[in-house]
Amino acid sequence: MKIHLMPLALLMQLCVGALALAEVARAPASVNFETDVRPILRTYCLDCHGAQEQVEGGLDLRLRRLIVQGGDSGSAIVPGDSDSSLILELVRSGEMPPSEKKVPPDQIEVLSAWIAAGAPTLRDEPATIGKGLPITEEERAYWAFQPPRRPAIPSFGSEDRVRTPIDAMLLGRMRNQHLAFSPDADKLTLLRRVAFDLTGLPPSDEEIERFTGDTSPDAYEKLLDRLLASPHYGERWARHWLDVAGYSDSDGDIGDSLRSYAYKYRDYVIKAFNEDKPFDQFVIEQLAGDELAAAPLDQSSKPVGASLSPEQLEKLIATGFLRTAVDGTANSDNPELARNNVIADTIKIVSSSLLGLTVGCAQCHDHRYDPISQADYYGLRAVFEPAFDWQQGWRTPAERLVSLSSAADREKGAAIDVEANKIAEERAAKLTEYITTELEKVLVGFPEALRNELRQAYRTAAELRTPEQAALLESHPSVMINAGNLYLYNPDAIKDLGKFDERMGALRATKPPEEFISALFEVPERRPPTHLFHRGDYREPKEAIGPADLTIAAPEGERYVALEDDPSVPTTGRRLAYARHLMNGQHPLVARVLMNRVWLNHFGRGLVDTPGDFGSLGLRPTHPELLDLLAIEFAEQGWSLKRMHKWIMTSTAYRQSSNADPRMQEIDAANSTYWRMPLRRLDAESIRDRMLSTNGLLDATLYGPPVSIEEDATGQVVVSGGVGRRSIYLQVRRSKPVTFLTTFDAPVMEVNCDRRISSTGSPQSLMLMNSDFVLKQAEAFAQRVLKEVPPSASLPAVAQAGASTVAWGPQLAHAWKLAYQRPITTEELSFGSQFLQQQIASQDSAQENPEQAALINLCQQLLASNEFLHVD
C-alpha cells in the first residue's frame, strides 16, 4: 500500500475548517445578524460603537456592512473566518468591552458561529442610517409593543366548567397538557379568599352567616357586590397602588423630614377606589390634576387653595402622585444634583407604574436591551420639566405646600399672633422683673465690691463675658438665676407666669387652623427647555429635546409629541396631553400593565411575572392572549376596576380549590397553567390587620393623618399611638419603617415597589414568638375569648358527638372561629385541650392566673399558624 502525504497547507485549511464547524455546532443551528447578533452588540458594544454621534475608534457596529468596513484598526470581522476576526479576538481576550461586564462565553460562540457562517443577514440593509440606534423590525414586533388584539375565545362544553372567557383562555392551554380545573373551593374557603382579596380583612360573623346560608344561584355574585361596596375595599386596593406610586410620609432627605400632609393623597387614592373612579380619569388626575383644576394663582404662582371647589381640590391633591419621590432639595449640599435626582425618580415611578418598562436605564445612554433611546428618555422628561423647572423655578417640599386657608382666616390668624406676641412680651418683662428681684436678694449676702462685680458679670451677655467674669460666676453659682431655676427661688412667680401662658394658649386656640396639601403645579407661560445630558450628567447639556412619548409605543413611522400650547389650560398642557394619550385605550402598554397588576394581586403572580419590566429582560407572559383580552375589556368597559374584579373573580380559575392533585402536580408543578388556585401568604398589612380584627381591637375609622411611630427600647420601630388603626394609616417613614411590617416584606420606599416579595425566614418566626406587638395581640385575643365565652358557657356544635366533655371546649371552639372563621374539628379540639392542660401544669407556682396564661399561649400559636398567615 502506498501512502500519500497531504500537503501541509491543505492540512491546515482542513483543520481550520473543522474548528469552524465545531464552533457552529456549539451555537444555534442558524444565526443571523438581526435576531442573534445585534442584541448582543446592543447590550455590550453599541453604547460606544453606534449609539453616540462619535463612535469609538471609528468603528460603527450598527449594521453588518459597517462592521465589515471596520474602523481605525481595520475590518472588525472577516466573514467566513472567525479566527481572523478582530472583534472576536478582542471579546475573547476580555479587552472588549472595557467595562467589568463582559460578553458571556455562550454569546461569544454565537458571534463566532455567525462570522463562520459568512455573517448572514435576514434582509438587505439600508443604504444610509441616521443618528443613534434605529428600531428594528424585530424590536417593533416584540409582543409588548404590539397593540393588544382581541383573541378568539375557544368553545367548551358545560362539563368543562367554563364560566367566563377567562376560563376558556386558560383551559385551552391546559388541554394541551392534559390538565383541567380543580374542583370549586368550599363556601367558607371561597369567602375567606374573597374577603382578604377585596378588603384585606377576614369576613365578619354576619357575612359568614349570610353567605353560607344563601342558597340562591347568584349568592356568590351578591357576595362580591357587597364586598366591592365595602369602604375597606378602597383601603385594600389603595395599598397596592401606593406601592407602585412610592408613597411615603417622609422626604427621605438627610433628616428624613416628615411630609405632614402627604396623607391627603393617600386618602384620595382610597376614595378613588371606593368610588370606582374610571381608571383613565384616575391616572389623568394624578399626572395632570393641576392642569384640569385650573386653579387661580397667588403672587408666588401658587394655587389659591381656599378658592377651590371640592372637585378642583381633589384634582390638585391627586398630583401628589408626582410628589412621592425622595426629595432632599431643602438641605442638600448639591441642590442641582438633588433636583435632577427627584425628576429621575419621578420618571421611574411613572414609567414603571404605567408603562411597565425600565425607562430609567436610558438616562445616560440608549437602553442596552430595549428600544428606548436616550432621546426618548429626555422626551419623556420634557413632559414633566415645566412642573419641576429645576434651574429657574424649583420649589422645595415646603414650597410645594398649598394653603387651604382663606385670606380672611390668614388675616385673623396674623392678628391673633400679634396679640399673643404682646402677651409674650408682657410675660418676658415680668420674668425679667422676678429674676432681677431674686438676684438682688441673693447679692445682699455678698460684700458690696463683690456684689457689683457679680451683678455686672451676670448682666453681660454670655458670649461677651471676659474669662474673669465667667470664672467669677462659675465660683458663685447661686447668682445664676434663670427661667429654668426660678422656681427654686420663688415658687409663686412660676404660678403667676403660668397665667400668661394660659392667656396665650386660650388666644391661640381661637386661631383658625391652617391646612395644606402637597401638590405639583406649573407656573403659567414658563417653558423651561429640556436638554439631553451627555452620559446623564446635568452639567453637560447637549441638544434640546421636545416632549414626547416613547418612539416604540407609537405606530411605525410616528412619534407622539405632547402639545406645547393648549388653550384650555393656562400651563403648557404637556402632562394633560400625555396623560390623555396614555389612557386613550390604544396605547400598547398601559392597559396591559394595569391589568397584569390586578391579576397579580388576585393570583399571587402576574401573567407577566415582572410587572415593572415588560421589556426584553422581563419574563414573557404565560398567557399573552388572555392579557390582551383583559386589557381590551378594561378599556372598553369604561376603565371600571370593580367590573374587572368581578369578571376575574367569577371565573372558575379563581373559584377553584388550592388543593394539589398528584397527577396534575406532576405535569405542572409550578401551576403555570392555573389548574389550581395558588396558596398565598397574606401581605404584612393584612397579617397585622387580621390580628387586630381577631382580637376585636381593629379601629375601622377611615382616612386622616398618619398614626405616629417610634423606636422602642430594643430599637424596633413600633406604633406609638392609634394602635388599632388599619396598617394603611400607619406613618410610612423611609428611615424608620415599622419593624413588624418589613419583617413580612413590606417595602421600604427608596423609590417605589412594583412587586412585593413573599419570603419565609427565621426573622418572621422570631417576630411571631417574641414581638411585643404579637404578645399583646395574643393577650387581647385570649381576653376576648374569655369575655365572650366565659368558663360556664356550653360548647357549640362540633364535628364529633361527645366533644362537649372536652376541657376548655367552648373557649377553644370560639378561638378557632375567631382566628380561622370556621368550626373547630374534633382533632383540633382534643389537641387544644391537651395543650392547655400541659401549659397550665407547667406554669410557675407564682403565676396568678395560670389558666389565662395558658390560653394566651394558645392564642399566640393560632396567630402564628400557617392557616392564619395564608389564604387558600
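The structure under discussion appears in the preceding block.
Residues numbered from 1 in each chain as written. Predicted model: local features only at pLDDT ≥ 70, side-chain atom pairs only at ≥ 80, totals over all residues. Heavy atoms only, no water.

> Is there a simple way to think about the overall build of the protein in this case?
In terms of helices and strands, the protein carries 35 helices and eight strands. If one aligns the C-alpha atoms of the protein with their principal axes, the spans along those axes are about 135 × 85 × 65 Å. Taken over 872 residues, the protein has a buried fraction of 51%. Excluding contacts between residues fewer than 6 apart, the proportion of contacts in the protein whose partners are at least 24 apart in sequence is 70%. In the form shown here, the protein has an accessible surface area of approximately 39,600 Å², with 54% of it arising from carbon and sulfur atoms. Each charge class in the protein can be summarised by its mean position, and for the 91 positive and 120 negative side chains these summaries are 2 Å apart. (Helix = DSSP H or I, 4+ residues; strand = E, 2+ residues; numbered from the N terminus. Buried < 20%, exposed > 50% of the residue type's maximum accessible area, 1.4 Å probe, protein only. Contact = heavy atoms within 4.5 Å. Areas by Shrake-Rupley, 256 points an atom, 1.4 Å probe, with all protein chains shown as cover. Lys, Arg positive; Asp, Glu negative; His and termini not counted. Charge placed at Lys NZ, Arg CZ, Asp CG, Glu CD.)

> Honestly, helix H34 (residues 850-863) in this entry has me stumped. Any pointers?
Because an α-helix completes one turn every 3.6 residues, residues spaced three or four positions apart along the sequence face the same direction. The end-to-end C-alpha distance of H34 is 20 Å, a good match for the 20 Å that 14 residues give at a rise of 1.5 Å each. Buried residues of H34: Pro850, Ala853, Ala854, Leu855, Ile856, Leu858, Cys859, Gln860, Leu862 and Leu863, and no others. Buried positions along H34 lie against helix H28 (684-694), helix H30 (762-770), helix H31 (772-788), helix H32 (809-820), helix H33 (826-842) and helix H35 (866-869). (Expected span 1.5 Å × (residues − 1).)

> Help me understand empty space enclosed by the protein, please; the structure alone is not making it clear to me.
Rolled over the atoms, a probe as big as a water molecule pinpoints where empty space is left. According to the stated counting rule, one finds seven cavities of 30 Å³ or more in the structure shown. By volume, the largest cavity is sized at about 200 Å³. For the lining of the largest cavity, the elements supplying multiple residues, two or more each, are helix H11 (231-245) and helix H29 (739-743). For the lining of the largest cavity, a count of residues per class yields 10 nonpolar, three polar and seven charged. In this structure, the second largest cavity encloses a volume near 140 Å³. Looking at the second largest cavity, the residues that line it are Trp237, His240, Trp241, Val244, Phe273, Phe279, Leu594, Arg597, Val598, Asn601, Phe634 and Leu641. Listed by contribution, the elements that provide at least two residues to the lining of the second largest cavity are H11 and helix H23 (590-603). The residue inventory of the lining of the second largest cavity, partitioned by class, reads nine nonpolar, two polar and one charged. (1 Å grid on protein atoms, 1.4 Å probe; cavity = no way out; pocket = protein on both sides within 12 Å on 5 of 7 lines; lining within 4 Å. Points joined across faces, edges and corners; volume = space filled by probe spheres on them. Nonpolar A, V, L, I, M, F, W, Y, C, P; charged D, E, K, R; others polar.)

> Which parts of the structure should I look at to understand the layout of surface pockets?
Here the largest pocket defines a volume of roughly 760 Å³. In this structure, the largest pocket is lined by 36 residues; those nearest its centre are Arg681, Leu682, Asp683, Ile757 and Ser758. Secondary structure elements with two or more residues in the lining of the largest pocket: helix H8 (187-199), H11, H23, strand S5 (680-681), H30, H35 and strand S8 (870-871). Of the residues forming the lining of the largest pocket, the biggest block, five residues, is contributed by H11. Each pocket or cavity is described by its volume, and for the second largest pocket that value is around 580 Å³. Considering the residues around the second largest pocket, the lining is formed by 25 residues, among which Cys48, His49, Met96, Pro97 and Pro98 are closest to the centre. Only helix H2 (33-44) and helix H4 (86-93) provide two or more residues apiece to the lining of the second largest pocket. At four residues, H4 tops the list of elements feeding residues into the lining of the second largest pocket. Among the residues making up the lining of the second largest pocket, the classes are represented as 13 nonpolar, seven polar and five charged.

> What should I look at first to understand the nonpolar core in this one?
Side chains of a nonpolar character, in soluble globular proteins, are inclined to be buried together. Formed by 130 residues in total, the largest nonpolar core has its most connected members in Val194, Trp241, Phe273, Phe279, Leu287, Trp599 and Leu630. Ignoring any residue separated from it by four or fewer positions in sequence, one finds Phe279 in contact with Trp241, Phe273, Met583, Leu594, Phe634, Trp639 and Leu641. Counting residues in hydrophobic clusters, the runner-up holds 46 residues, among them Met691, Val774, Cys859 and Phe868. (Core = buried A, V, L, I, M, F, W, Y, C linked by side-chain atoms within 4.5 Å.)

> Before we go on, may I ask you to explain the pattern of salt bridges in this structure?
Oppositely charged side chains may form a pair once their charged atoms are brought near each other. Counting across every chain of the model gives 54 salt bridges. Across the pair Glu633 and Arg150 runs a salt bridge whose closest N-O atoms are separated by 2.8 Å. Placement of the pair is Glu633 in helix H24 (residues 624-636) and Arg150 in the loop between helix H6 (137-140) and helix H7 (165-176), with a sequence separation of 483 residues. Taking relative accessible area as the criterion, Arg150 reaches 43% and is therefore assigned partly exposed. One salt bridge in this structure joins Asp537 and Arg539, with 3.0 Å as the shortest N-O distance. Take Arg539: its relative accessible area is 61%, and that puts it in the exposed class. Ionic contacts of the salt-bridge type, sharing partners, join the residues Glu235, Arg688, Asp689 and Arg726 into one network. (Salt bridge = Lys/Arg side-chain N within 4 Å of Asp/Glu carboxyl O.)

> Looking at this model, I keep getting lost on unusual backbone geometry. Mind explaining?
With glycine set apart, most residues show a phi of negative sign, and most peptide bonds adopt trans. With an omega of -5 degrees, the peptide bond between Met96 and Pro97 qualifies as cis. If you trace the backbone, Pro97 turns up in the loop between H4 and helix H5 (105-116). In the Ramachandran plot, Ser301 falls in the positive-phi region, its phi being about 65 degrees despite a non-glycine side chain. Phi at Glu525 is positive, roughly 70 degrees, even though this residue is not glycine. Mapping Glu525 onto the fold places it in the loop between strand S2 (516-518) and strand S3 (531-533). By relative accessible area, Glu525 is classed as exposed at 62%.

> Even after reading the chapter, I still don't get the state of the cysteines, so can you show me in this structure?
Between two cysteines, a covalent bond joining their sulfur atoms is known as a disulfide. Considering all chains together, one arrives at zero disulfides under this definition. Cys48 provides the cysteine sulfur closest to Cys45, a residue in no disulfide bond, and the two sulfurs are 8.8 Å apart. (Disulfide = S-S within 2.5 Å.)

> How do you make sense of the environment of Asp345 when you look at a structure like this?
If you trace the backbone, Asp345 turns up in helix H15 (residues 335-355). Excluding residues within four positions of it along the chain, Asp345 makes contact with Ala325, Val326 and Val751.

> Honestly, the side chain of Gln811 in this entry has me stumped. Any pointers?
Along the chain, Gln811 turns up in helix H32. Within the local environment of Gln811, its side chain forms a polar contact with the backbone oxygen of Val789, the two atoms lying 3.0 Å apart. Discounting residues that sit within four places of it in the chain, Gln811 has contacts with Val785, Leu786, Val789, Pro790 and Pro791. (Polar contact = N/O pair within 3.5 Å; in protein donor to acceptor, adjacent residues only side chain to side chain.)

> Just checking my understanding: could you explain helix H25 (residues 641-649) for this structure?
In terms of residue burial, H25 counts as a mostly covered element, since seven of its nine residues are buried. For H25, every residue scored as buried is listed here: Leu641, Lys642, Met644, His645, Trp647, Ile648 and Met649.

> How do you make sense of a nonpolar patch on the surface when you look at a structure like this?
Together, Tyr487, Leu488 and Ile494 give the surface a local cluster of nonpolar side chains, amounting to about 310 Å² of exposed area. With respect to the helices and strands, Leu488 occurs in helix H20 (residues 486-489). (Patch = residues over 30% accessible without salt bridge, like charges linked within 9 Å, V, L, I, M, F, W, Y side chains within 5 Å.)

> How do you make sense of the packing of aromatic side chains when you look at a structure like this?
Both the distance between ring centres and the angle between the ring planes are used here to describe each pair of aromatic rings. Under the definition given, this model contains 29 aromatic pairs. Aromatic side chains Tyr265 and Tyr268 sit 6.2 Å apart centroid to centroid with 25 degrees between the ring planes, which places their arrangement in the stacked category. Of this pair, Tyr265 and Tyr268 both sit in helix H12 (residues 263-274), three residues apart, which is roughly one turn of that helix. Given the relative accessible area of 4%, Tyr265 is considered buried. An aromatic cluster of three or more residues is present, and its members are Trp241, Tyr265, Tyr268, Phe273, Phe279, Phe282, Phe321, Phe634 and Trp639. The aromatic ring of Tyr674 is capped on one face by Arg605, whose charged end is 4.5 Å from the ring centroid. Stacked on the ring of Phe868, the Lys or Arg Arg690 has its end atom at 4.5 Å from the ring centre. (Phe/Tyr/Trp six-rings, centres within 6.5 Å; stacked < 30°, edge-to-face > 60°. Lys NZ or Arg CZ within 6 Å of the ring centre and 35° of its normal.)

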